[in-house]
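Next come the chains, spelled out residue by residue.
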Amino acid sequence: MVDGVERKYNRWIIILSVAIPVVVAILFGVNLRDLGYEVKPLTFLPPIYATINGLTAVLLVAAVIAIKNGKRKVHETLVKICIGCSAAFLLMYVAYHMTAESTPYGGEGTIRYVYFFILITHILLSVVVIPFVLITFVRGLSGDFARHRKLAKYTFPLWLYVAVSGVVVYLMISPYYA
């Protein structure tokens, strides 16, 4: 049964879970330079947003360790930072792709298939994890810890995979940046 606090946020969870991937997909296809704007490619961003993904992974693990040690406030703070890191990643990722040409992956053979497997699962799970993160977060904030823990068992590994695979994708494609 959904409690009052969670019900209050359900509309926002649905809106954000749909709007974020749709807006990112639309903006991913928009290149400001192609539209005639004189903007410099923000080529400095990929290592920054890859680092933010790595930091998110480390902080997620730290958040789990904190809660297992009974440090609820530390856990909550770390999760909030992770959400902020994910939002910062997304903004930088979109900004980069709106100002720079996409970089094709140059690897050949088996490694090419590995790269695309990791990239595709990263993208798909980055969409899937949004409602998981938001619902898990709201359940924690509302004090519904039993349901929070139940869903967090799925949210944590999904979110961790997205964060780590983002770093792996960056490391695999970085030699091909112009």
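Going by the structure above, here's the rest.
Here goes a summary of the coordinates provided. (Residues numbered from 1 in each chain as written. Predicted model: local features only at pLDDT ≥ 70, side-chain atom pairs only at ≥ 80, totals over all residues. Heavy atoms only, no water.)

Attention now moves to the overall build of the protein chain. The secondary structure content of the protein chain amounts to five helices and zero strands. Beginning at the N terminus, the succession of helices and strands in the protein chain can be written as α-α-α-α-α. With respect to the principal axes defined by its C-alpha atoms, the protein chain has extents near 50 × 35 × 25 Å. For the protein chain, buried positions account for 35% of its 178 residues. Contacts in the protein chain between residues far apart in sequence, at least 24 positions, make up 79% of those at least 6 positions apart. (Helix = DSSP H or I, 4+ residues; strand = E, 2+ residues; numbered from the N terminus. Buried < 20%, exposed > 50% of the residue type's maximum accessible area, 1.4 Å probe, protein only. Contact = heavy atoms within 4.5 Å.)

This brings us to the environment of H75. With respect to the element layout, H75 can be found in helix 3 (residues 72-99). Residues H75 and Y177, spaced 102 residues apart in sequence, show a C-alpha to C-alpha distance of 37 Å. For H75, the contacting residues outside a window of four places in its chain are A63, V64, A66, I67 and H148.

Attention now goes to the pattern of salt bridges. Per the counting criterion, the structure on display carries three salt bridges. A salt bridge links K73 to E76; the shortest N-O distance between them is 3.8 Å. With K73 and E76 both in helix 3 and three residues apart, this pair spans about one turn of that helix. Between D144 and R147 there is a salt bridge, and its shortest N-O distance comes to 3.0 Å. In this structure, a network of salt bridges that share partners links the residues K73, E76 and K80. (Salt bridge = Lys/Arg side-chain N within 4 Å of Asp/Glu carboxyl O.)

As a further point, take helix 4 (residues 110-141). Between its first and last C-alpha, helix 4 extends 45 Å over 32 residues, near the 46 Å set by a 1.5 Å rise per residue. Most pronounced at V129, the bend in helix 4 amounts to some 30 degrees, and the proline P131 follows within four residues. (Expected span 1.5 Å × (residues − 1). Bend = angle between axes of the 7 residues up to and from the residue.)

Here the focus is the packing of aromatic side chains. One pass over the full model with this rule turns up eleven aromatic pairs. Aromatic pair Y105 and F116: ring centres 6.2 Å apart, planes at 85 degrees, arrangement edge-to-face. Here Y105 is found in the loop between helix 3 and helix 4, whereas its partner F116 is found in helix 4, with eleven residues between them in sequence. Its relative accessible area of 30% is what places F116 among the partly exposed residues. Ring pairs connect the aromatic residues F28, Y49, F89, Y93, Y96, Y170 and Y177, which therefore count as one cluster. Note that R72 overlies the ring of F145, its terminal NZ or CZ placed 4.0 Å from the centroid. (Phe/Tyr/Trp six-rings, centres within 6.5 Å; stacked < 30°, edge-to-face > 60°. Lys NZ or Arg CZ within 6 Å of the ring centre and 35° of its normal.)

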